[in-house]
Amino acid sequence: MTVGTLIVAAGSGERFGGHKQFERIGGVSLLDSAIAQAKSVSNRIVVALPIGYQLPESTPELIYTFGGATRTGSVANAFRALGDDFEYVLVHDAARPFASPALFERVVAALARGCAAVVPAISSVDTLKVVEEGMVRQTLDRSSIVRVQTPQGFARKVLAKVVEAEQDATDEAAIAEQLGYPVTIVAGEELAAKITLRSDLDRWRIPRVGLGFDIHPFDPDGGGDLVLAGEHFGPPGLVGHSDGDCLAHAVADAILGAAGIGGIGDLFPDTDPALRGANSMVLLGECLGAIAAKGYQIHSIDATIIAEHPRLGPSLGTLGHALGTLLAAPVLVKAKRAEGLGALGAGLGVATFVVATVL
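Being a predicted model, the structure only gives us computed values, none of them experimental.

Draft legend 1. Summary view of the overall build of the protein. Scanning the protein from terminus to terminus reveals ten helices and 18 strands. Counting only C-alpha atoms and orienting by the principal axes, one finds that the protein spans roughly 85 × 50 × 35 Å. For the protein, the residues scored as buried account for 49% of the 359 residues in total. By sequence separation, contacts in the protein at least 24 residues apart represent 69% of the contacts at least 6 residues apart. For the protein, the accessible area works out to roughly 17000 Å², and carbon and sulfur atoms hold 54% of it.

Below you can see the structure in the form of structure tokens.
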């Protein structure tokens with residue numbers, strides 16, 4: 001049994017506000033997630049991408065091609081790129097990136113039993129009404145209505161006829177139905193829900209937590225100013241390769257850790273002479289860009305500064321505002337004393353702990 005899968009990823013995402021197939025969740029694009037889910041049943045996958053997009057390099061198992069001006073055109077292009085050596089062909093939307101391998105397997109199993117066309121579907125839990133000009137005209141019997149999903153499966157010869165028909169439709173099963181082929185239903189799943197609006201991403205974002213810590217001694221010679229979140233508190237300053245901003249450093253470590261990237265020292269090593277005296281808030285901004293590139297955004301920051309001096313209480317709101325403005329997220333900054341314990345209690349330096357949550 002040979003299975004080819006066509007993944008439609010050529011849409012412009014008008015309602016989403018951009019190419020949603022390239023949006024990242026947890027560091028993985030929706031398209032790459034859809035590809036990964038399809039691999040368990042597919043001998044070859046063909047991905048239809050937007051016209052004019054830079055096509056990645058293809059392999060025998062994963063082929064990239066351009067889509068068309070319509071969904072039907074995209075499926076036709078992908079179908080031609082697939083080749084003839086497949087008994088069954090699945091058509092899947094990149095906008096359904098979390099459809100499970102088990103769902104793909106159910107569709108393939110139905111095809112193997114001899115079904116001509118197979119679609120996963122789930123029952124409607126909402127009452128459905130027909131509306132015209134803002135008024136309810138009819139209430140439908142929801143017991144006979146289902147919501148259809150992808151992947152949809154076809155015997156290869158059936159999908160060939162669908163493609164030849166050159167009819168526009170929201171899915172290929174509708175065309176197969178019009179051509180007289182029986183369409184079989186298998187159990188769908190909520191995991192296969194379609195992402196249409198940007199707000200739809202929120203249900204899939206899983207919070208990740210990172211812990212940041214940084215500590216610097218005071219410069220025994222006075223040095224420059226103490227710098228925290230870019231704010232200056234006068235001398236003595238902290239010893240550090242950059243400006244010694246242990247609050248910005250700890251925040252950077254926390255958000256990078258939450259995103260699974262590492263620590264600030266991995267991106268900005270203290271052996272780099274170009275970073276001597278660097279503005280740590282600028283470096284923090286670059287760390288923010290690094291987690292954004294992996295598809296994460298900051299949900300909240302909780303920071304605790306441990307210092308005997310100076311007294312930071314009146315400035316905590318200013319520090320939180322400076323960080324919150326840069327990170328576009330709620331930030332809480334607290335201050336504690338070490339109560340005379342150890343080097344921090346002796347007033348020899350400043351330390352910061354930060355917990356960051358990213359989505």
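Draft legend 2. Region of the structure containing the nonpolar core. Ranked by size, the top nonpolar core spans 44 residues in total, and within it Leu-247, Val-251, Ile-255, Ile-301, Ile-305, Leu-323 and Val-333 carry the most contacts. Breaking this core down by element, the ones donating at least two residues are helix H6 (246–258), helix H8 (280–293), strand E16 (298–306), helix H9 (316–327), strand E17 (331–336) and strand E18 (349–358). When residues in this core are grouped by element, the largest group, ten residues, is from H6. The next biggest cluster of nonpolar side chains, apart from the first, holds 27 residues, and it includes Ala-94, Leu-103, Ala-110 and Ala-192.

Draft legend 3. Spatial organisation of the sheet that holds E17. On the basis of which strands lie adjacent, the open sheet formed by four strands has the order E13-E18-E16-E17 and mixed pairing. The open sheet has two edge strands, strand E13 (208–217) and E17, and neither has a second partner. Taken pair by pair, the neighbouring strands of this sheet meet at an average axis angle of 15°, ignoring direction.

Draft legend 4. Molecular detail of a nonpolar patch on the surface. On the surface, a cluster of nonpolar side chains totalling about 560 Å² of accessible area is made up of Val-209, Leu-211, Phe-213, Ile-215, Phe-353 and Val-355. Among the secondary structure elements, those contributing two or more residues to the nonpolar patch are E13 and E18. The dominant element in the nonpolar patch, judged by the number of residues it contributes, is E13, at four residues. Given a relative accessible area of 43%, Ile-215 falls into the partly exposed group.

Draft legend 5. Spatial organisation of the pattern of salt bridges. Applying the stated rule across the entire model yields eleven salt bridges. Among the ionic pairs, Asp-93 bridges to Arg-71, the shortest N-O distance being 2.6 Å. Of this pair, Asp-93 sits in strand E6 (residues 88–93) while Arg-71 is found in helix H2 (residues 71–82), placing the two residues 22 residues apart along the sequence. Of the two residues, Asp-93 and Arg-71, both sit in the buried class. Residues Arg-137 and Glu-132 are paired through a salt bridge, measuring 3.9 Å at the closest nitrogen-oxygen approach. Exposure remark for Arg-137: the relative accessible area of 47% places this residue in the partly exposed category. The exposure class assigned to Glu-132 is partly exposed, which follows from its relative accessible area of 45%.

Draft legend 6. Structural detail: the environment of Ala-307. Relative to the helices and strands, Ala-307 resides in the loop between E16 and H9. Excluding anything up to four places from it in sequence, Ala-307 contacts Lys-336, Arg-337 and Val-350.

Draft legend 7. View of the pairing of strand E7 (residues 117–123). Counted residue by residue, E7 has six buried out of seven residues, so it is predominantly covered. Summarising the sheet, E7 and strand E11 (residues 152–155) pair through two bridges and their orientation is antiparallel. Within E11, the position partnered with Ala-117 by the bridge is Phe-154. Examined bridge by bridge, E7 and strand E12 (residues 183–187) share five bridges and lie parallel to one another. Residue pairing for E12: Val-118 is matched across the bridge by Thr-184. Pairing geometry for E7 and strand E10 (residues 146–148), over three bridges, is antiparallel. Bridge pairing in E10 places Ile-122 opposite Arg-147.

Draft legend 8. Representation of the packing of H2 against helix H4 (residues 156–165) in the model. Close contact between H2 and H4 brings their axes to 10 Å; oriented N to C, the two are set at 135°. In terms of axis orientation, H2 runs oblique to H4. The way H2 lies across H4 gives a crossing that is left-handed. Residues Val-75, Ala-76 and Phe-79 of H2 pack against Arg-156, Leu-159, Ala-160 and Val-163 of H4. Class assignment for the residues of the contact of H2 with H4 results in six nonpolar, no polar and one charged.

Draft legend 9. Seen up close, the state of the cysteines. Applying the stated criterion across every chain yields a total of zero disulfides. Lacking any disulfide linkage, Cys-287 is separated from the closest cysteine sulfur, that of Cys-246, by 15 Å.

Draft legend 10. Highlighting the environment of Asp-168. When you line up the elements, Asp-168 lands in the loop between H4 and helix H5 (172–178). It is 7.6 Å that separates the C-alpha atoms of Asp-168 and Thr-70, two residues lying 98 residues apart in sequence. Among all residues touching Asp-168, those that are not within four sequence positions of it are Thr-70 and Thr-72.

Basis of the calculations
- Residues numbered from 1 in each chain as written.
- Predicted model: local features only at pLDDT ≥ 70, side-chain atom pairs only at ≥ 80, totals over all residues.
- Heavy atoms only, no water.
- Helix = DSSP H or I, 4+ residues; strand = E, 2+ residues; numbered from the N terminus.
- Buried < 20%, exposed > 50% of the residue type's maximum accessible area, 1.4 Å probe, protein only.
- Contact = heavy atoms within 4.5 Å.
- Areas by Shrake-Rupley, 256 points an atom, 1.4 Å probe, with all protein chains shown as cover.
- Core = buried A, V, L, I, M, F, W, Y, C linked by side-chain atoms within 4.5 Å.
- Pairing = 2+ DSSP bridges.
- Axes fitted to C-alpha atoms, helices over the stretch in contact; angles between N-to-C directions.
- Patch = residues over 30% accessible without salt bridge, like charges linked within 9 Å, V, L, I, M, F, W, Y side chains within 5 Å.
- Salt bridge = Lys/Arg side-chain N within 4 Å of Asp/Glu carboxyl O.
- Parallel < 35°, antiparallel > 145°, perpendicular 65-115°, else oblique.
- Left-handed = near helix turned anticlockwise from the far one by under 90°.
- Nonpolar A, V, L, I, M, F, W, Y, C, P; charged D, E, K, R; others polar.
- Disulfide = S-S within 2.5 Å.

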